[in-house]
Every structure is written in C-alpha cells, then in structure tokens.
Amino acid sequence: SGGNPAGVDNTFRRKFDKEEYLERARQRERDEKDEARRDRGPPVQRQPLKHRDYEVDLESRLGKTQVVTPIAPLSQQAGYYCSVCECVVKDSANYLDHINGKKHQRALGMSMRVERASLEQVQKRFEALKKRKDPASFSEQDLDERIWKQQQEEEEKKRQRREKKKEKKKEQAGQNEPEDIDPDVAAMMGFGGFGTSSKK
C-alpha cells in the first residue's frame, strides 16, 4: 500500500528527427507562398500621393443633433461616413486620421510614397501661389480701420437701443396718466393723486 510506483517503460515511443520536420515545415511555407502568388496576380502599381483638391468638411454638422436608429444604414449613422471605404468614424480627429491613412489612400489607388518634385515643378508651384495671392497685402492699418468701424457701429446700435427704451418709457408714462379728477374726490377715495413724481 505504501511502496514506490512501478517504473513505466516508455522506450516504445517514437523518436523524432528534428531535421526531417524542419524540412517539412520549410516545404509547406514554400507551397503556401507559391499559392498566394498565384491567387494575388501581378502586383498593383499605385500612384504616388497627391495633395487634396477638395476641402474636408468637418464643421457642417457642428452643434446639430441627429436621431440614429439601430437599423439605419451606415451612411446615416452618427459620426463621419467614408463612402470610399464604407465605414463610419466617430469623431473629426479620427476621421482626419482615416482619410490620411494607408487604408483609405490604398482604396483611392495611391501608395503612401511621395513623388520627388523637380526644380521646375517647384518653381511653377511658387508662381501659381504668387498669382493666387492678393496683390494688396493686409496691413496693421487695415486692421485698425476695421476695429474702429466696428466700434462705431456698436456705439450706433447702443444709441438706437437707448432711444427705443426712452420712447417706450414715454409711451408707458402717457398710458398711466388718468383723466383729470377732482382732488377732493381723490382725497375721499383714499389716495392723494395720480402721476406724481414724488416718492413716498
């Protein structure tokens, strides 16, 4: 009842040859790579990155509420919808990351590499930007004039408001004045008079 358990004879187990199994694994990897190449076809040549020629609209729905039902299609769900990748991104920062990211750019047919520009291209770009820029540059004097005009407009608005208030007060005061009542009758009724400016 308390003796050592008898030893187990496991010499019948098969001994593994590491080299044989390593060779089998390598052969399987080669076969998988060949199969993947056949499935994929020729490599796709993507265009280099280009700058966007459209504005990214992040603020059109700012401050608006939207009712979202669980069965709404993706394009009507809360957040920013990307029609190229058919996905919804929950906020503007993540949306910007998405449209600048690898997945989106690949869907547009671009690689993440930037084409190297020649000297001529850079010079042409500078010329185009110079032409687009307003010849009359914005100066501090223009800014001062704008501020002065804005202050004048605000003062004019305040003056008009004050005048309206005065007119309203005059109208109300005119409505409160009663017809001429005999002071003796007023005294009998228990009040001194109407429309007096004296305070009690």
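Looking up the chain in an unreviewed UniProt entry gives the name U1-type domain-containing protein, with the organism given as Aegilops tauschii subsp. strangulata.

Participant: Describe helix α2 (residues 92–99), and please don't skip the residues or the numbers.
Facilitator: All of the buried residues in α2 are Y95, H98 and I99. Burial along α2 is one-sided: seen end-on, the buried residues are contained in an arc of 90 degrees.

Participant: Now, about the pattern of salt bridges: what can you tell me, with residues and values included?
Facilitator: A full pass over the atoms with the stated rule returns five salt bridges. Here R24 ties to E20 by a salt bridge, and the two come within 2.9 Å at their closest N and O atoms. Here R24 and its partner E20 are both found in helix α1 (residues 18–40), four residues apart, which amounts to about one turn of the helix. Of the residues examined, R24 reaches a relative accessible area of 45% and is grouped as partly exposed. Overall, E20 belongs to the partly exposed group, its relative accessible area being 32%. E156 serves as the salt-bridge partner of R159, at 2.4 Å between the closest nitrogen and oxygen. Here R159 pairs with E156, and both are found in helix α5 (residues 140–176), just three residues apart, close to one helical turn. The exposure class of E156 is partly exposed, given its relative accessible area of 34%.

Procedures and definitions
Residues numbered from 1 in each chain as written. Predicted model: local features only at pLDDT ≥ 70, side-chain atom pairs only at ≥ 80, totals over all residues. Heavy atoms only, no water. Buried < 20%, exposed > 50% of the residue type's maximum accessible area, 1.4 Å probe, protein only. Helix = DSSP H or I, 4+ residues; strand = E, 2+ residues; numbered from the N terminus. Arc of directions from axis to C-beta. Salt bridge = Lys/Arg side-chain N within 4 Å of Asp/Glu carboxyl O.

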